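# Close look at the chain arrangement
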Amino acid sequence: MKITTLATSALSIAVALSSTNNNVSAFTSTRAGSSSQRMSFSRLNIAVSDSKKSSKASSSSSKESSAPTQKDPLLIRAALGQKVERTPVWMMRQAGRHIKEYRDLCKKYPTFRERSEIPEVAVEVSLQPWRNYGTDGCILFSDILTPLPGCGVEFDIDEKLGPVVEPMRTWESIEKMHPMDPSSAAPFVAEALRTLREEVTPETAVLGFVGCPYTLATYLVEGKTSKEYLEIKKMAFNEPKLLHAILSNLASSIADYALYQIENGAQLIQIFDSWAGHLSPREYDEFAAPYQKVILDKIKEKYPNVPTVVYIKHSGSLIERMAKTGVDVVSLDWTVDMAEGRQRIENGRKLAGLDGPGGVQGNLDPGVLFGSHDAIKERTEEILKKAGSTGHVMNLGHGIEAATPEENAAFFIETVRNYKHED
């Protein structure tokens, strides 16, 4: 196989995209069996084949194609509520700023979009926490805003300010929105996911994710990150039809983008409605939950055995409502007691007529990772005990903080992997 190394200077995103094969084949659920077919990535000298590998086989659209088996990764089996040998663990935002290798890589690729949209770089960043900590999930390094250009909405990510979008607050401003074709808008995502499936071990789950329409709409309407979200709330109360039009335009495209990730190797999809926690229950029922369901229902219609997870920051008042969407796993932040959260998830599912108690993810306060190892172990094991041995994926209650010591992150993962449930 002909191998080339990335040039020392940053490649432009346009060059990266033009070299990507837009004719993406669906990813087979069968992993490559020969080590000679695998691409290896060193920490900074990333090697990638000049020629594209064809998929091993086209994935079937039939429901049987995604049926769970005992060979599924630990994390997938846990998310589906199966009995597992131990609790799996990964961390939201595990790939990124708290890792020195990532910060070194930023010197060569200074913009976030370079790091997330050049496939080889995105793969390297995704693999760093998996290699360093032995996490049970390897999540694609990307951003919830990545699909927006494919919907007619351009954005940038300022390294200090965060996402920046031209505000959309009128009917005229949303005329530029259009349905997304993931294969032409985000071929780099497909390439990165397929490569990750080849790189990680069979016991590791490759995780995809999308942003939910309401959270994406906060950026479109506010134009940037916000603390109070006053502009989108003004729209909700003064021009609700306009906000619904934005949400509806986003929902269908994001659902297709989630399917695209599954078809190229993602074994689980986490949907982030991070800022829906700023909504009252009434507004959540109107502006967030219905559009979450559009995504979840479309995934389950085509891939019923691919597990789904929903996360909302500060969601204590919304847990039953989150569970009622039919999502497989509700990811709790750290403000909720784990035992109480599990019971509320089960109650929400019963109210919606759904079978089973449902799964849970989380919920260690990321701030605990700044404490002593004794504190990390005690708080982590308390959560594991309350969650029980079935249907729990251990995680943080929000993304890992950039200043977190790497040795503490490693100790957290090790603590979970070594924990033995009494039952």
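Everything discussed here concerns the structure shown above.
First, a word on what this report is: a plain description of the structure on this page. (Residues numbered from 1 in each chain as written. Predicted model: local features only at pLDDT ≥ 70, side-chain atom pairs only at ≥ 80, totals over all residues. Heavy atoms only, no water.)

For the rest of this paragraph, the subject is the overall build of the protein. Helix and strand content of the protein: 16 helices and 11 strands. Taken over 423 residues, the protein has a buried fraction of 56%. Total accessible area on the protein is roughly 17600 Å²; 50% of this is exposed by carbon and sulfur atoms. (Helix = DSSP H or I, 4+ residues; strand = E, 2+ residues; numbered from the N terminus. Buried < 20%, exposed > 50% of the residue type's maximum accessible area, 1.4 Å probe, protein only. Areas by Shrake-Rupley, 256 points an atom, 1.4 Å probe, with all protein chains shown as cover.)

Strands sit in the order 3-6-7-8-9-10-11 across an open sheet of seven strands; the sheet is parallel. The sheet terminates laterally at strand 3 (137-139) and strand 11 (392-393), the two strands that pair on one side only. As judged from the five bridges shared by strand 6 (residues 205-211) and strand 7 (residues 268-272), these two strands associate in the parallel manner. When the sheet's bridge partners are listed, valine 210 is paired in strand 7 with isoleucine 271. Its contacts with the sheet put helix 10 (residues 240-263) on strand 6 and strand 7, and the angle it makes with strand 6 is roughly 170 degrees. (Pairing = 2+ DSSP bridges. Contact = heavy atoms within 4.5 Å. Axes fitted to C-alpha atoms, helices over the stretch in contact; angles between N-to-C directions.)

Attention shifts here to the environment of isoleucine 262. With respect to the helices and strands, the residue isoleucine 262 is situated in helix 10. As for isoleucine 262 and isoleucine 299, which are separated by 37 residues in sequence, their C-alpha atoms are 8.9 Å apart. For isoleucine 262, the contacting residues outside a window of four places in its chain are Ile269, Ile299, Tyr303 and Val306.

Burial along strand 8 (residues 308-311) is two-sided: Thr308 and Val310 facing one way and Val309 and Tyr311 facing the other are all buried. Pairing analysis gives four bridges linking strand 7 to strand 8, with the strands arranged parallel. In the sheet register, isoleucine 271 faces strand 8, and the bridge partner there is valine 310. In the sheet, strand 8 pairs with strand 9 (residues 329-331) via three bridges, with the strands oriented parallel. Following the sheet pairing, tyrosine 311 is matched in strand 9 by serine 331.

All right, on to the pattern of salt bridges then. Evaluated as defined, the whole model comprises 21 salt bridges. Among the salt bridges present, the one from aspartate 104 reaches lysine 107, with a minimum N-O distance of 3.7 Å. One end of the pair, aspartate 104, and the other, lysine 107, are both in helix 3 (residues 100-108), three residues apart, so they sit about a helical turn from each other. Residue lysine 107 is classed as exposed on the basis of its relative accessible area, which comes to 68%. Linking arginine 344 and glutamate 320 is a salt bridge whose minimum nitrogen-to-oxygen distance equals 2.8 Å. (Salt bridge = Lys/Arg side-chain N within 4 Å of Asp/Glu carboxyl O.)

Before going further, it helps to spend a moment on the nonpolar core. Met91, Tyr284 and Phe412 are the most contacted members of the largest nonpolar core, which has 128 residues in total. Broken down by element, this core gets its largest block of residues, 14 residues, from helix 10. Sequence-distant contacts of phenylalanine 412, that is, excluding residues within four places in its chain, are made with Val89, Met91, Leu364, Leu369, Ile376, Thr380, Met394, Asn395 and Leu396. (Core = buried A, V, L, I, M, F, W, Y, C linked by side-chain atoms within 4.5 Å.)

Our next topic: the packing of helix 3 against helix 5 (residues 119-133). Between helix 3 and helix 5, whose axes approach to 10 Å, the crossing angle comes to 160 degrees. Taken together, the axis directions place helix 3 and helix 5 in an arrangement best described as roughly antiparallel. As for the relative orientation of helix 3 and helix 5, their crossing is right-handed in sense. The segment helix 3 lies against helix 5, with Glu101, Tyr102 and Leu105 engaging Val121, Glu124, Val125, Gln128, Arg131 and Asn132. Along the lines of polarity and charge, the residues of the contact of helix 3 with helix 5 split into four nonpolar, two polar and three charged. (Parallel < 35°, antiparallel > 145°, perpendicular 65-115°, else oblique. Left-handed = near helix turned anticlockwise from the far one by under 90°. Nonpolar A, V, L, I, M, F, W, Y, C, P; charged D, E, K, R; others polar.)

All chains considered together, the criterion is met by five aromatic pairs. Ring centres of tyrosine 102 and phenylalanine 141 lie 5.6 Å apart, and the angle between their planes is 65 degrees; on these two criteria the pair is classed as edge-to-face. Taken together, the residues span a long stretch of sequence, with tyrosine 102 in helix 3 and phenylalanine 141 in the loop between strand 3 and strand 4 (155-158) at a distance of 39 residues. On the basis of relative accessible area, tyrosine 102 is assigned to the buried category, the value being 4%. Assessed through its relative accessible area of 6%, phenylalanine 141 is described here as buried. When the centroid spacing of 5.8 Å and the interplanar angle of 85 degrees are considered together, the rings of phenylalanine 209 and phenylalanine 272 count as edge-to-face. Of this pair, phenylalanine 209 sits in strand 6 while phenylalanine 272 is found in strand 7, placing the two residues 63 residues apart along the sequence. Note on accessibility: phenylalanine 209 and phenylalanine 272 belong to one class, buried. (Phe/Tyr/Trp six-rings, centres within 6.5 Å; stacked < 30°, edge-to-face > 60°.)

Our focus in this paragraph is the pairing of strand 7. Of all the five residues making up strand 7, five are buried; the element is thus mostly covered by neighbouring parts of the structure. Here strand 7 shows no split at all, with Leu268, Gln270 and Phe272 on one side and Ile269 and Ile271 on the other all buried.

With that settled, the discussion passes to the environment of arginine 77. Its place among the elements puts arginine 77 in helix 2 (residues 74-79). Taking the C-alpha atoms as reference points, arginine 77 and alanine 205, 128 residues apart in sequence, are found 9.9 Å from one another.

Since the α-helix packs 3.6 residues into each turn, any two residues three or four apart lie on the same face. Among the 10 residues of helix 8 (residues 213-222), 10 are classified as buried, and the element is accordingly described as predominantly covered. Remark: glycine 223 follows helix 8 within two positions and exhibits a positive phi of approximately 90 degrees.

Along helix 3, the residues that are buried comprise Glu101, Tyr102 and Leu105. Looking down the long axis of helix 3, one finds its buried residues gathered within 95 degrees of arc, a one-sided arrangement. In this structure, the buried side of helix 3 is in contact with helix 4 (112-117) and helix 5. (Arc of directions from axis to C-beta.)

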